[in-house]
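These are the residues of each chain, in order.
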Amino acid sequence: MLTKFETKSNRVKGLSFHPKRPWILASLHSGVIQLWDYRMGTLIDRFDEHDGPVRGVHFHMSQPLFVSGGDDYKIKVWNYKLHRCLFTLLGHLDYIRTVQFHHENPWIVSASDDQTIRIWNWQSRTCISVLTGHNHYVMCASFHPKEDLVVSASLDQTVRVWDIGSLRKKSVSPADDILRLSQMNTDLFGGVDSVVKYVLEGHDRGVNWAAFHPTLPLIVSGADDRQVKLWRMNETKAWEVDTLRGHMNNVSCVMFHAKQDIIVSNSEDKSIRVWDATKRTGLQTFRREHDRFWILAAHPEMNLLAAGHDSGMIVFKLERERPAFAVSGDALFYAKDRFLRFYEFSTQRDTQVLPIRRPGSTSLNQSPRTLSYSPTENAVLICSDVDGGSYELYVIPKDSIGRGDGSQEAKRGIGNCAIFIARNRFAVLEKSSNQVVVKNLKNEVVKKSGLPIATDAIFYAGTGNLLCRSEDRVVIFDLQQRLVLGELQTPFVKYVVWSNDMESVALLGKHAIIIANKKLVHQCTLHETIRVKSGGWDDNGVFIYTTLNHIKYCLPNGDSGIVRTLDVPIYITKVSGNTIFCLDRDGRNRAISIDATEYIFKLSLLRKRYDHVMGMIRNSQLCGEAVIAYLQQKGFPEVALHFVKDEKTRFNLALESGNIQIAVASAKEIDDKDHWYRLGVEALRQGNAGIVEYAYQRTKNFERLSFLYLITGNLEKLSKMLKIAEVKNDVMGQFHNALYLGDIRERVKILENAGHLPLAYITASVHGLDDVVERLAAELGDNAPALPEGKEPSLLMPPTPVMCGGDWPLLRVMKGIFDGGLDNGIGRGAVDEEEGEEGDWGEDLDVVDVDGLQNGDITAILEDGEVGHENEENDEEGGWDLEDLELPPEADTPKVSGKSSVFVAPTPGMPVSQIWTQRSSLAAEHAAAGNFDTAMRLLSRQLGIKNFTPLKSMFLDLNTGSHSYLRAFSSAPVVSLAVERGWNESASPNVRGPPALVFNSSQLDEKVNAGYKATTAGKFTEALRLFLNILHTIPLIVVESRREVDELKELIIIAKEYALGLQMELKRKELRDDPVRQQELAAYFTHCNLRQPHLRLALQNAMSVCFKAKNLATAANFARRLLDTNPTNENQAKLARQVIQAAERNMTDASQLNYDFRNPFVTCGATYVPIYRGQKDVSCPYCTTRFVPSQEGQLCTVCDLAVVGADASGLLCSPSQIR
């Protein structure tokens, strides 16, 4: 039983599914009717008009209606759209048990405790028939889904079937008069329009429920005798077929399943039972702890059931409907109706492959749960819940696809989960022991492996890897190395979907989607309120997923949205371009076309592919609040501007993107104070004084205008502001403007006019206006204030602005990728879609040009009336001389000049280090550029080097050596300059040469000679250090010619031979107490490829060691080899002859050595044992030292850099090799 939804409430007595929407009605014992959305799990509405329990409720098939019947003897018909009861049908005299709409006619059937069944016409709102005959409460009555029959069950222990055929005839108005007359008679004298067809007797107690089969002539009934009976009927009679026993208490409701051949019943024994209708046996039982069941309902279209009990209801399914499937390239394998089927996406061809045999099972949920496919072996693994979890392995013959007749016996096994992990290996999870068993295609165990977490399911995670799931986490486990490669805490994961390149994985839970990379590093999480059903990756790396009612998308950054809605749930199998391939619940393949524009648009924005964005803006119908809001939220208001027609939104977006031009145009359209004010603030931020002035003029904001003129140094307009303040009779404004202008006489005059004579007197006397002082002193008389003693007055003058008038100088930039293409109206020819500059080049900071700005003369702001009025007042004093104020017409908007000399900011060049690395595949040049990561990768690929510790200091030397640093001045950062190889003064300044390198081949020659000297002198440790240093430097040398490349390769061999020989000699010196091993090492040293003098020394050394140890025959061999070299040193030759003479007397060896000088050999660099010709060996990919096979995968002991036996392409040290 798969519970989909559960409610807690009063006892549920009636249930009804909506035929189309995910709704269910529940009528309660408390009198309330609840309307639930079982998909969302929300209560949509409640209807509360019945008095007492409501036992019956039913949705209409097509109208927005439902009917209810309760213990208040009322039948109510409701309109759920209007949220109210339309009318009440009265007539029953006792509790109403059930109500039901007819599927075609406007009828309702109701059953009541008054022992009658009534049929009502809900359009005429009348009772059209009363069915009498039962002699106890009628517990239920329902229409036949197709024929004119009604079945009813009563506590009189019978089930009755009624024929209502004549009712249908009666409801059709008769054509001729004779028929009409007979009908009138019938109406007057109570004709028989409904007759009992059959009375089914067989129950020993009252019958609680009876129901028709949707298609067959069967009836099922349940009664207080705890039995479920199955009846069959034909035209003439009905009879009992069988009895289903098992319930422990009264059977309260029973019905046939709409899709499957089963009967579902529930009872007051707190259980729901499922029966096989053909075999008449019990399949399954579901129990509750404390709640008796009262009612069952089946969905008319879907595989859903609902059951009402004492404390609520449950909506449930008996079986999973998700088809098991596996996608491989262009093919889909899936299980349907006990067959394995094959579907090809490209041709949309669907064929049957082979039957999946099922043993006769006694329970539900035996269908395949998962399917895994191995394309190379053409094998399929099918897992199901049979026997507590088992799998079947089928190998499909190559030719049988498309024939569908192959039938083979599967290889079976027990296990909770089975998946292919390699071509011919599959893993089976054993939950009990928490381990995975790996098997081959013969179903034989290959190996077992314990799991790192308590795992309840396994999924594929790449070849040889498993994704193990537990309750709260998933881990990726490598079965070969038994390592955990990644771990992630997640909600319970149900399905796992890998992207095509196996780089990303989507983990689907019930209500969440977690996207991670292949190492399970979390990228984003999405939460859904509705259940997530399936998903697939499209070719752009967008995850497309389905919920119960939507197809949605998820971008790599976690943004999601709806692609389209769904009528029925689907399971995505593949996303290809604009087509989604999916399976529905009936196992049918469907291809759904979608419009991917929205998510491709957002993805292009996210990935900064602005050329694509431009193309889509021009060519598609991308519009709507959502896209505008998205663009604004993601910081692209300038793009959003081109979608918007609404002026207020345009204004806001223009301000946000700094586009003053559009903001001015919108502000003029809107023309309200607030918008002008905000425009002024933005223009001030951009230093666009002309627009600021215009905005302040439009709002008559004189204080701000005065201050603007002060800070821009526009004294001429300030003096006009002073006159305007006079005309406006704004004393404070006058005084401020006089203060800004530094006009003392004006200030004195204003103070005098305002009646502040003492202040006027002080101002005049401080500033030395003697004529005014005398006049004011005469007026004030004794009240003239005295100036403070000992204070030095200072002149109060406004500072001169640093920059007079004009706009702030702004850096002019090239138009952004969006502006150029869109300002001239969308769709006027293609934009140059250059991808040179990544990203969007900032905002158009300065669109408005101020050259020749024609701002309105400030005085134009005054209303004419005000000027005239003031003139009259001031006439008698000679008046203010205002004649020269010529007021021009209403201020014009500042012109925004179209073309101006645009300064193009230089594009930043590519960093030298980037040029170096792009042009070169030489490790030394990457290291010089500071790109150590790629340098190491190159060395690893070319020479198999894995240990970079010895090279670290050289990398740093190369990097610092290829750059020089200049101090500019103290506060500026140090400027780094690239030092180029082979630079001269005539070189072109724009062409970059390769980096200068601190290591070269001449240094190596010096080191080789020093190594030879140290070897001759017997300083073996020093010599070994020099030769190893040569081996470590060669990978980071760059030479010009092919000849030099060959010399370097020879040098590697020389250094390797000496390093190996010296290591053996140093090892020999450590072995004091092992004479045999000492002799062997001395002997092997003579087989290293050394220079003649060093070879003689090695031979003399080996001869001495063997002679002392009484190995005379071997010593004589070394002596002969020494003489063969024609030693120049007479002592050496003499000693050798003496050894040969001594040996010839006794040609024996005291001890057996692992040394055969007749058989050519090389020495293993790690174990120092001979590897004779014909024996297997492995070599170091860099220094070519040979090793015994057991050393494969270890670090080379000679060069200490590369891994023995690794794949490598060879030394790359010259540009000539690449050409």
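Residues numbered from 1 in each chain as written. Predicted model: local features only at pLDDT ≥ 70, side-chain atom pairs only at ≥ 80, totals over all residues. Heavy atoms only, no water.

K.L.:
Looking at this model, I keep getting lost on the sheet that holds strand β33 (residues 370-374). Mind explaining?
P.N.:
Neighbouring strands of a sheet are bound in pairs by backbone hydrogen bonds; such pairs are parallel or else antiparallel. With respect to topology, four strands assemble into an open sheet ordered β33-β34-β35-β36, the strand pairing being antiparallel. Strands at the two margins of the open sheet, each flanked by one partner only, are β33 and β36 (411-414). In this sheet, neighbouring strand axes are inclined to one another by 20 degrees on average, regardless of whether the strands run parallel or antiparallel. With five bridges connecting them, β33 and strand β34 (residues 379-384) associate as antiparallel partners. Residue pairing in the sheet places Ser372 in a bridge with Leu381 of β34. (Pairing = 2+ DSSP bridges. Helix = DSSP H or I, 4+ residues; strand = E, 2+ residues; numbered from the N terminus. Axes fitted to C-alpha atoms, helices over the stretch in contact; angles between N-to-C directions.)

K.L.:
Got a minute to help me understand the packing of aromatic side chains in this structure?
P.N.:
Each aromatic ring pair is specified by the distance between its two centres and by the angle formed by the two planes. All told, the structure shown has 30 aromatic pairs when counted by the stated rule. On the basis of an interplanar angle of 35 degrees and a centroid distance of 6.4 Å, the ring pair of Trp107 and Phe143 is categorised as tilted. Taken together, the residues Trp107 in strand β11 (residues 107-112) and Phe143 in strand β14 (residues 138-143) connect sequence positions 36 residues apart. Phe143 sits in the buried class, given a relative accessible area of 5%. On the numbers, 5.9 Å between centres and 75 degrees between planes, the contact of Tyr1084 with Phe1161 is edge-to-face. With a gap of 77 residues between them, Tyr1084 in helix α26 (residues 1075-1085) and Phe1161 in strand β58 (residues 1161-1163) connect regions that are remote in the sequence. (Phe/Tyr/Trp six-rings, centres within 6.5 Å; stacked < 30°, edge-to-face > 60°. Buried < 20%, exposed > 50% of the residue type's maximum accessible area, 1.4 Å probe, protein only.)

K.L.:
Could you clarify how one ought to interpret the pattern of salt bridges in this entry?
P.N.:
One side chain can pair with another of opposite charge once the charged atoms of both are near each other. In this structure the tally under the stated criterion is 47 salt bridges. Between Asp350 and Arg341 there is a salt bridge; the shortest N-O distance is 3.4 Å. Residue classification places Asp350 among the partly exposed residues on the basis of a relative accessible area of 31%. One salt bridge connects Glu1047 with Arg1043, and the closest N-O pair in it is separated by 2.5 Å. (Salt bridge = Lys/Arg side-chain N within 4 Å of Asp/Glu carboxyl O.)

K.L.:
In this structure, what is going on with the pairing of strand β30 (residues 331-336)? I would like to understand it.
P.N.:
Within a regular beta strand, the side chains point alternately toward one face of the sheet and then the other, so they alternate between its two faces. Within β30, five of the six residues are buried, which leaves the element mostly enclosed by the surrounding structure. When strand β29 (residues 325-328) meets β30, the two strands line up antiparallel, connected through four bridges. Paired with Ser328 across the bridge in β30 is Ala331. The turn linking β29 back onto β30 is made up of two residues, and Gly329 within it adopts a positive phi angle of 60 degrees. With six bridges joining them, β30 and strand β31 (residues 339-344) adopt antiparallel strand pairing. Its bridge partner lying in β31, Ala335 is registered against Leu340. Two successive antiparallel strands, β30 and β31, enclose a turn made up of two residues, where Asp337 displays a positive phi of approximately 50 degrees.

K.L.:
Where do I start with the side chain of Asp156 in this structure?
P.N.:
Examined against the element boundaries, Asp156 turns out to sit in the loop between β15 (149-154) and β16 (158-163). This buried residue, Asp156, is left without a salt bridge; Arg160 holds the nearest opposite charge, at 4.5 Å. A distance of 2.9 Å separates a polar atom in the side chain of Asp156 from a polar atom in the side chain of His134. In this structure the side chain of Asp156 is engaged in a polar contact, spanning 2.6 Å, whose partner is the side chain of Thr158. Not counting chain neighbours up to four residues away, the residues in contact with Asp156 comprise His134, Asn135 and His136. (Lys, Arg positive; Asp, Glu negative; His and termini not counted. Polar contact = N/O pair within 3.5 Å; in protein donor to acceptor, adjacent residues only side chain to side chain. Contact = heavy atoms within 4.5 Å.)

K.L.:
Got a minute to help me understand the sheet that holds strand β19 (residues 218-223) in this structure?
P.N.:
In space, the four strands of this open sheet follow the order β18-β19-β20-β21, with antiparallel pairing throughout. One side of each edge strand has no neighbouring strand; the edge strands of this open sheet are β18 (207-212) and β21 (238-245). For this sheet, the mean angle separating the axes of adjacent strands, direction not counted, is 20 degrees. In the sheet, β18 pairs with β19 via five bridges, with the strands oriented antiparallel. Each residue of the ladder has a partner; that of Ala211, found in β19, is Val220.

K.L.:
So what exactly am I meant to see when it comes to the packing of helix α12 (residues 715-727) against helix α13 (residues 731-741) here?
P.N.:
Helix packing geometry: the angle between the two helix axes and the distance between the axes. Running from amino to carboxyl end, α12 crosses α13 at an angle of 160 degrees, the nearest separation of the two axes being 8 Å. When the axis of α12 is compared with that of α13, the two are roughly antiparallel. Between α12 and α13 the crossing geometry is left-handed. Taken together, the residues of α13 that come into contact with α12 (itself represented by Leu715, Leu718, Ser719, Met721, Leu722, Ala725 and Glu726) are Gly733, Gln734, Asn737, Ala738, Tyr740 and Leu741. Looking at the contact of α12 with α13, its residues break down into eight nonpolar, four polar and one charged. (Parallel < 35°, antiparallel > 145°, perpendicular 65-115°, else oblique. Left-handed = near helix turned anticlockwise from the far one by under 90°. Nonpolar A, V, L, I, M, F, W, Y, C, P; charged D, E, K, R; others polar.)

K.L.:
It is not clear to me how helix α16 (residues 770-780) should be interpreted in this structure. Could you clarify?
P.N.:
An α-helical segment advances 3.6 residues per turn. Residues three or four places apart therefore align on the same side. When we look at burial in α16, the residues that qualify are Val772, Val773, Leu776 and Leu780. Down the axis of α16, the buried set is contained in an arc of 100 degrees. They therefore lie on one face. Exposed side chains of α16 directed beyond 90 degrees from the buried face belong to Asp770, Glu774 and Ala778. Among the structural elements, α14 (744-753) and α15 (757-766) are those in contact with the buried residues of α16. Just downstream of α16 lies Gly781, where phi reads positive at about 65 degrees. (Arc of directions from axis to C-beta.)

K.L.:
Can you help me understand the packing of helix α27 (residues 1092-1108) against helix α28 (residues 1112-1124) in this one?
P.N.:
Two elements in contact, α27 and α28, have axes whose closest approach is 8 Å; the angle formed by their N-to-C orientations is 160 degrees. By the angle class used here, α27 and α28 are roughly antiparallel. Handedness of the crossing formed by α27 with α28: left-handed. Residue-level inspection shows Leu1095, Arg1096, Leu1099, Gln1100, Ala1102, Met1103, Cys1106 and Phe1107 of α27 in contact with α28, the latter providing Leu1112, Thr1114, Ala1115, Phe1118, Ala1119, Arg1121 and Leu1122. Partitioning the contact of α27 with α28 into residue classes produces 11 nonpolar, two polar and two charged.

K.L.:
How should I be thinking about a nonpolar patch on the surface in this particular structure?
P.N.:
A grouping of Leu966, Val975 and Leu977 is seen on the molecular surface, where their side chains present a nonpolar patch of about 230 Å² in accessible area. Tracing the backbone through its elements, the reader meets Leu966 in strand β56 (residues 963-966). (Patch = residues over 30% accessible without salt bridge, like charges linked within 9 Å, V, L, I, M, F, W, Y side chains within 5 Å. Areas by Shrake-Rupley, 256 points an atom, 1.4 Å probe, with all protein chains shown as cover.)

K.L.:
Quick question: what am I supposed to make of the nonpolar core here?
P.N.:
By size, the foremost hydrophobic cluster in this structure holds 86 residues, and its most contacted members are Leu939, Ile1034, Tyr1182, Cys1183 and Cys1199. Among the elements that line this core, the one with the most residues is helix α25 (residues 1042-1070), at 10 residues. Among residues more than four places away in sequence, those in contact with Cys1199 are Leu1028, Leu1031, His1032, Cys1180, Tyr1182 and Cys1183. The next biggest cluster of nonpolar side chains, apart from the first, holds 64 residues, and it includes Leu555, Leu603, Ile660 and Leu708. (Core = buried A, V, L, I, M, F, W, Y, C linked by side-chain atoms within 4.5 Å.)

K.L.:
Would you mind showing me how to read the environment of Pro994 here?
P.N.:
Position of Pro994 relative to the elements: it lies in the loop between β57 (975-978) and α23 (1001-1016). Through-space distance from the C-alpha of Pro994 to that of Ser913 is 9.7 Å; in sequence the pair is 81 residues apart. In this view, Pro994 contacts Trp916, Glu925, Val979, Glu980 and Arg981; residues no more than four positions away in its chain are not counted.

K.L.:
Explain unusual backbone geometry here, please?
P.N.:
Excluding glycine, a negative phi dihedral is what most residues carry, and trans is how most peptide bonds are arranged. Of note, Gln115 is a non-glycine position whose phi angle comes to about 70 degrees, a positive value. Mapped onto the elements, Gln115 comes out in the loop between β11 and β12 (116-121). The phi torsion at Asn434 lies on the positive side, around 50 degrees, for a residue other than glycine. On the secondary structure map, Asn434 appears in the loop between β38 (425-430) and β39 (435-440).

Honestly, it's all geometry; don't read function into it.
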